[in-house]
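# Breakdown of the fold
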Amino acid sequence: MRAVGGAGGYRVPVGKGSGLGFRGFLLLSLIVVVVLAATGVWNPFPGMWDWVNRRQPISQPDVVWQQRIGGTPRSVTIAGETVVVEQRTRVEARSLAAGTQLWERKADWTAVAGAGADAVVVVGRLLVKGYEVLDPTTGVTRRRDDDAVAVWTYRNLLLDARCVEATDCTLSAWEPRGTSPLWTAFLPGVSSGLLADNPNLLNTRRLTAARIHDEVAGPETVAPLLGFPVDGRVHVVDTATGRVLQNVEPGRDERLTVVGGRLLHIAARSQDGSCYFAISGRDPASGQETWQRAGLNLRTADSAGCVQREDPYGARNVLVGVSPDGREAVLDGYDGRLLLVTENSERVLAVDDRYAVVRTADRGAVSTRELGSGRARWNRPTGEKAGAALTPYAAIVADEKPNRLVALDPRTGRELATLRTSANALAVGPAGMVIGEGREIGYVRFGATAGDAPRDGDPPRDGIGPAPGPASGGDRQPQDRCGPKNELCQAPDYGK
C-alpha cells in the first residue's frame, strides 16, 4: 500500500480494497431498482418473470392451443367439447376450442362416462362413500350419490355398487345422464379391492406403450358380460338386463376371466419345468363348454410355478397370447378362433376387435393386420423402439430417435397428424388428440393447422378426419361399434 498527500496534509490510503468494486455496483443497482419498483416509478420484474417462464411449443408443427396446468395430469379425457384433466387432488375442465379453463374443483378421483354430448364427469373422495356426476362444460352437479363404494364408467353406461352390509351389496346401472337406474342386481359382497373409480374386474389388460397413456382411447363401450370377483368366486353379470348368470369358483390351477361374452377357464399346469396351458370358453347361462384350445400361453402365469396372478392381454372380445412355437397369436374370446398368428420374431403392439398393430421381425416398421384374414392394411417405417395404440378414431404410433407422435387412420394408414415432439399422447377424440409434457398440454386437430378452432362435432372437411367404417356411411362414430358379432347392439340370447 502507498499513501498520497502533500506536506502538512493527511495521507489517503489507496489500494486493492478502495472504491465500490463490481459487487458493490450490482448491489447498489439492485437497491435502486427495488426502490423504483416499490414507489411505482418503474417495475421490470413482471416482464423478467414472463421471459423466464416463457412457454416453448411442445411440438412442431405447433398445436392449436397450449396451456400450463397446475400439476402433472394423471389422466386426460376428451368429453364432448371439453378436455377433462385429472390431477392428484383436483380436476379441471378446459375448452376443446381454446384450452381456456371452464371450471375446477377438488377431487381425489375422476372418471368420464358417456361420449359426445352425453358425456359426464364422475368425481369422488378416497375412503368416502358416494360420488357426484358433473356436467363437463359447467361443472354443475347433475346427480349425487352418498352410498356407493365403487363406480365403473363406460361410453354408454355407468355402474355403481353399494353395500348395506359386507355380504349384502347392490349393483346398479345408469345411463350416463340418467336420473334413475336401468336395473339393479344383488351381489353377496364386493372385493375388498373395489374402491373409487373403475376397480379391476376379471377381463383383459391392455398392451401398453411408452409415451402413450393407458387411457388414451377414453371410456370403452361396456362389454355384454362383466366378471366381478367376490370372495374367491366370479359373478358373471349380463350388462343388458342385470341378471347374474354365473357364480363360479375357479379350480386350484385355474384363472377365470370374462371376454367376448364367454366365461373363460384358463388352466396352467406345471410339468418338466414348463407351464402347459389349456383354455375353454363356457356359455354364460348354461355353463356348457363351447370351445377349447390347448397350448396357447396367455401370459397369466409367472415363472415355472404356473401361479396365475394376471389377467390375459387383449381388448374387447380378443386375447393375445403366445403359441407353442413362440409366435404371437390373437384369439377370439367368443368362439376360440385364431384371428391372427404372426411370423417369427414379430410382436403385437396393439389390438382391438378389428385390427392388430404388429412390429415387423426386423424391428424397422409397424404393420396393421386385419383380424380374421391377416391381410396387411398398411406398413410404416419406424425405429426399433416404436410403440403403438389403437383407439376408435386413430392408431397412434410413438417413435424415438427422432421423437415423433403420429396419428393414422387405422383402416387406411392415412396420416391424420405427424408431430416432432417428445410429448406423450394423452387422449384421442373424433377430430384430434391431446398431447402433454410435464404440466404443459396442447390440442392437435387432425389435418388442421394451428389456430383452427376444433369442434369434434363438425363434419370432416376436405377429407380431414378418420374414414368411416364400411357400414357407417358418414357416421363419425367409432368404426364397428357393434362388435364382430353385433353383440353390443343386440340383446344377447342366452337361451331364454
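Worth saying up front: this structure is predicted, and the values here are computed from it rather than measured.

### Quick notes on the side chain of His235
Relative to the helices and strands, His235 resides in strand S18 (residues 233–238). Judged by its relative accessible area of 5%, His235 is buried. A polar contact of 3.5 Å, which involves the side chain of His235, links it to the side chain of Asn247. Excluding residues that lie within four positions of it along the chain, His235 makes contacts with Leu187, Pro188, Leu226, Gly227, Phe228, Val230, Val244, Gln246 and Asn247.

### Here's the deal with the state of the cysteines
If you walk through the whole model with that rule in mind, you get two disulfides. Covalent S-S linkage joins Cys163 and Cys169, the inter-sulfur distance amounting to 2.0 Å. An S-S torsion of about 105 degrees defines the bridge between Cys163 and Cys169 as right-handed.

### Regarding the nonpolar core
Ile396, Ala407, Val428, Met433, Ile435 and Phe446 are the most contacted members of the largest nonpolar core, which has 22 residues in total. Breaking this core down by element, the ones donating at least two residues are strand S35 (395–399), strand S36 (404–408), strand S37 (415–420), strand S38 (424–428) and strand S39 (432–437). No other element matches S37, which puts three residues into this core. Apart from the residues within four sequence positions on either side, Ile396 is in contact with Ile212, Gly387, Ala388, Ala389, Leu405, Val406, Ala407, Ala425, Val428 and Met433. In this structure, Val149, Cys163, Trp183 and Val222 belong to the second largest nonpolar core, which totals 19 residues.

### Digging into unusual backbone geometry
Here the residue pair Gln60 and Pro61 is connected by a cis peptide bond, since its omega of 0 degrees sits within 30 degrees of zero. Topologically, Pro61 is positioned in the loop between helix H2 (45–52) and strand S3 (65–68). Of note, the amide linkage connecting Lys401 to Pro402 takes the cis form, showing an omega dihedral of 5 degrees. As for its position among the elements, Pro402 is in the loop between S35 and S36. The phi dihedral of Lys401 falls on the positive side, at around 50 degrees, and the residue is not glycine. Relative to the elements of secondary structure, Lys401 occurs in the loop between S35 and S36.

About the criteria used
Residues numbered from 1 in each chain as written. Predicted model: local features only at pLDDT ≥ 70, side-chain atom pairs only at ≥ 80, totals over all residues. Heavy atoms only, no water. Helix = DSSP H or I, 4+ residues; strand = E, 2+ residues; numbered from the N terminus. Buried < 20%, exposed > 50% of the residue type's maximum accessible area, 1.4 Å probe, protein only. Polar contact = N/O pair within 3.5 Å; in protein donor to acceptor, adjacent residues only side chain to side chain. Contact = heavy atoms within 4.5 Å. Disulfide = S-S within 2.5 Å. Core = buried A, V, L, I, M, F, W, Y, C linked by side-chain atoms within 4.5 Å.

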